[in-house]
Amino acid sequence: MEVKIAKDWKDILQEEFEKPYFKNLVDFVKQEYKTHLCFPKGHDIFAAFDLCAFESLKVVILGQDPYHGVNQANGLCFSVQDQVPMPPSLINIFKEIQNDLNKPFPKTGNLERWAKQGVLLLNATLTVRAHQAGSHQHKGWEEFTDAVISHISKQKEEVVFLLWGGYAKKKGTQINTEKHLVLRSGHPSPLSANRGFWFGNRHFSQTNTYLRHHGKTAIDW
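By convention here, each chain's residues receive numbers from 1 onward along its written sequence. Side-chain atom pairs in this predicted model are given and counted only at pLDDT of 80 or more, local residue features only at pLDDT of at least 70, and totals for whole chains, interfaces and linings cover all residues. For side-chain calculations, the full set of non-hydrogen atoms in the structure is used, while hydrogens and water are omitted.

A. Fine view of unusual backbone geometry. Of note, the amide linkage connecting Phe-39 to Pro-40 takes the cis form, showing an omega dihedral of -5°. In this text, helices come from DSSP runs of H or I with a minimum length of four residues, and strands from runs of E with a minimum of two, each type numbered from the N-terminal end. If you trace the backbone, Pro-40 turns up in the loop between β1 (38–39) and α3 (47–51). Even without being glycine, Gln-83 reaches a positive phi, approximately 75°. In this structure, Gln-83 sits in the loop between β2 (59–63) and α4 (88–101). Its relative accessible area of 79% is what places Gln-83 among the exposed residues. Even without being a glycine, Asn-102 presents a positive backbone phi close to 60°. Of note, Asn-102 is situated in the loop between α4 and α5 (112–115). Throughout this description, buried means an accessible area under 20% of the type-specific maximum (1.4 Å probe, protein chains only), exposed means over 50%, and partly exposed covers the range between.

Here's what the structure looks like:
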């Protein structure tokens, strides 16, 4: 299974790729893709690391699982392929951007445009079996993505981490808050958003204010 990943990430994560747990994970994923319909497509599994190089990374958004519906997942958390209807969580993300930054609602839910500006759209689990949410959890992906977060926290300066919902907040326990900005809120899913835990968090304007303050280019959300 050939995957695409930016060279600087490959160098940073090489040690992780050599660990026994990761080799077991690769064996599991290969077998799953052979015997079941899984998402995203094999070459998109590491799309988050290919479209957002370590050097250009400025913001991290943490998701949980890839979408498990046909043609939805593209390797970036919360993102869907062009022409695919936007899931409810993504609609709520765009509504908050609309309210926060007065930006028009986008025509596509494909977030590649964010990734190319330095936003790492990282799912805790990078693969899933079709129509079975959580089916690839606890197989090694979580250990891998914990290591990714740790590398970013230790090796980068002044990164904005957006942690939405309880799961993402738990993943963020190893972030050094002395040198990074961590913004937390409820999850954008309707269940959380409709109970008042998402809308009005103003994470997108806060992110851009912080980036500008530290001499970085703001994200065009």
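B. Seen up close, the pattern of salt bridges. We define a salt bridge as a side-chain nitrogen of Lys or Arg found within 4 Å of a carboxyl oxygen belonging to Asp or Glu. Inspection of the entire model under this criterion finds nine salt bridges. Among the ionic pairs, Glu-16 bridges to Lys-19, the shortest N-O distance being 3.2 Å. Here Arg-129 makes a salt bridge to Glu-32, at a shortest N to O gap of 2.8 Å. Here Glu-32 lies in helix α2 (residues 20–35) and Arg-129 lies in strand β4 (residues 128–129), a separation of 97 residues in the sequence. Overall, the relative accessible area of 7% leaves Glu-32 in the buried class.

C. Highlighting the nonpolar core. Counting residues in hydrophobic clusters, the biggest one holds 69 residues, and the most contacted among them are Trp-9, Phe-49, Ile-61, Trp-114, Leu-120 and Phe-144. Once you skip the residues sitting within four places of it in the chain, Trp-114 turns out to touch Ile-61, Ile-93, Phe-94, Ile-97, Val-119, Leu-121, Phe-204, Asp-220 and Trp-221. Remark: nonpolar core denotes a set of buried residues (Ala, Val, Leu, Ile, Met, Phe, Trp, Tyr, Cys) joined through side-chain atoms within 4.5 Å. Pairs of residues are marked as contacts when any of their non-hydrogen atoms sit within 4.5 Å.

D. Main features of the pairing of strand β6 (residues 181–185). Judged from the five bridges that link them, strand β5 (residues 160–164) and β6 form a sheet pairing that is parallel. When the bridges of β6 are listed, Val-160 appears paired with Leu-181. Each parallel crossover has a hand, and the one from β5 via helix α7 (residues 166–171) to β6 is right-handed. The rule for pairing is simple: two strands pair if DSSP sees at least two bridges between them. Convention used here: a crossover is right-handed provided that the path from the first strand, over the helix, to the second strand proceeds clockwise when the strands point away from the viewer.

E. View of the packing of aromatic side chains. The pairing test for Phe, Tyr and Trp rings, Trp by its six-membered ring, is centres within 6.5 Å, and the orientation test on the planes gives stacked under 30 degrees, edge-to-face over 60, and tilted for anything in between. Under the definition given, this model contains 21 aromatic pairs. Aromatic pair Trp-164 and Trp-198: ring centres 4.8 Å apart, planes at 80°, arrangement edge-to-face. Of this pair, Trp-164 sits in strand β5 while Trp-198 sits in the loop between α8 (190–193) and α9 (203–213); the two residues are 34 residues apart in sequence, bridging distant segments of the chain. Clustering of aromatic rings is evident, with ring pairs tying together Trp-9, Phe-17, Tyr-21, Phe-22, Phe-46, Phe-49, Phe-54, Trp-141 and Phe-144. In this scheme, Lys NZ or Arg CZ marks a charge over a ring once it lies within 6 Å of the ring centre and within 35 degrees of the ring normal. Its guanidinium or amino end placed over the ring of Phe-54, Lys-156 lies 5.1 Å from that ring's centre, counting from NZ or CZ.

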